[in-house]
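Geometric and topological summary
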Amino acid sequence: FFFQAEDGIRDFCLSRGLGDVYKRQVVSTQSTWGIGFEMANKTDAAAQSVHGTNPQNLIDKITRLRIHASNFWKERCYALKAETLVDVAIELKYVGGTYGGTGKPSPFLCLVLKMLQIAPELEIVQEFIMNRDYKYIRVLGAFYLRLVGRPEDIYEYIEPLYNDFRKIRIRRPDGTFYISHVDEFADELLKSDISCDIVLPRILKRQVFVNIIIYITDARRWKKWEC
């Protein structure tokens, strides 16, 4: 026979009381939330592979799992889209990777993973980098472009940050802070292999890249003259 709960929900039960009715509701709700979080952690279906892999794989699996388990990711990044990500990025107060004994991810790193997940258009990333009002948005856009961009785009849009001498706070792995500058961070992105605990994809040295461009340009000119 049926038991009817206080909220009007009817449930079939042979001899157990209302406790089982609500207990099953809680389990169902938790299951639904689990599925929701799992879906929220997947890469956008429209995103293209980067360097031959899923964009999110540019951050190692252990760090990704720590990000997905963090409160900042669940509370601030859960439903973010390309159009709303800037609203959260404006609130950034420092740059950093993971810190503390448990490897807690910084908000900066959480937003980097979110950008890898939703794969914003290049024009949006360019707007981030060219934004002169919010220095941490510039740095966030530059970091993302360094992960996914082509060499020509990386040099074109990150090199101008050499002219930005504003101070930024960077969090060390032990949790302490130190002061750096936007131009120094840009130099790290272009010359270092690791930044914010993330291994950066290899790119051609600038001079090698320039020499290749010059060679291709000259070859096209010679071909045109021969015609």
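Here, the structure is the one placed above.
So, here is what we can say about the structure in this document.

Cut-offs applied
Residues numbered from 1 in each chain as written. Predicted model: local features only at pLDDT ≥ 70, side-chain atom pairs only at ≥ 80, totals over all residues. Heavy atoms only, no water. Salt bridge = Lys/Arg side-chain N within 4 Å of Asp/Glu carboxyl O. Buried < 20%, exposed > 50% of the residue type's maximum accessible area, 1.4 Å probe, protein only. Helix = DSSP H or I, 4+ residues; strand = E, 2+ residues; numbered from the N terminus. Arc of directions from axis to C-beta. Contact = heavy atoms within 4.5 Å. Pairing = 2+ DSSP bridges. Axes fitted to C-alpha atoms, helices over the stretch in contact; angles between N-to-C directions. Parallel < 35°, antiparallel > 145°, perpendicular 65-115°, else oblique. Nonpolar A, V, L, I, M, F, W, Y, C, P; charged D, E, K, R; others polar. Expected span 1.5 Å × (residues − 1).

**A closer look at the pattern of salt bridges**
One pass over the full model with this rule turns up six salt bridges. Notably, a salt bridge pairs D164 with R166, separated by 2.8 Å at the nearest N-O pair. Given a relative accessible area of 6%, D164 falls into the buried group.

**Structural notes on helix α2 (residues 61–69)**
Three or four residues apart is the spacing at which side chains of an α-helix point the same way, because the helix has 3.6 residues per turn. Listed as buried for α2 are T63, R64, I67 and H68. In a view along the axis of α2, the buried residues occupy a sector of 135 degrees, so they form one face of it. What points out from α2, more than 90 degrees from its buried face, is the exposed set I62 and L65. Residues of α2 that are buried in the fold lie against α3 (71–77), β4 (98–99), β5 (104–105) and α5 (107–118).

**As for the environment of I124**
Secondary-structure assignment places I124 in helix α6 (residues 122–130). For I124, a relative accessible area of 28% gives the class partly exposed. Expressed as a C-alpha distance, the spacing of I124 and V86, which sit 38 residues apart in the sequence, is 9.8 Å.

**Brief notes about the pairing of strand β7 (residues 177–181)**
Where strand β6 (residues 167–171) meets β7, five bridges bridge the pair, whose relative direction is antiparallel. Bridged to R169 within β7 is I179. Counting the residues between successive antiparallel strands, the hairpin from β6 to β7 contains five residues, one of them, G175, with a positive phi of roughly 95 degrees.

**Section: the packing of helix α7 (residues 135–148) against helix α9 (residues 182–191)**
For the pair α7 and α9, interaxial distance at closest approach is 10 Å and the crossing angle is 5 degrees. By the angle between their axes, α7 is roughly parallel relative to α9. Residue-level inspection shows K135, V139, A142, F143 and R146 of α7 in contact with α9, the latter providing V182, F185 and L189. Of the residues in the contact of α7 with α9, the class split is six nonpolar, no polar and two charged.

**Some remarks on α5**
Taking 1.5 Å per residue as the helical rise, α5 with its twelve residues ought to reach 16 Å, and the 16 Å between its terminal C-alpha atoms agrees with that figure. Within α5, eleven of the twelve residues are buried, leaving the element largely enclosed by the surrounding structure. Along α5, the residues that are buried comprise F108, L109, C110, L111, V112, L113, K114, M115, L116, Q117 and I118.

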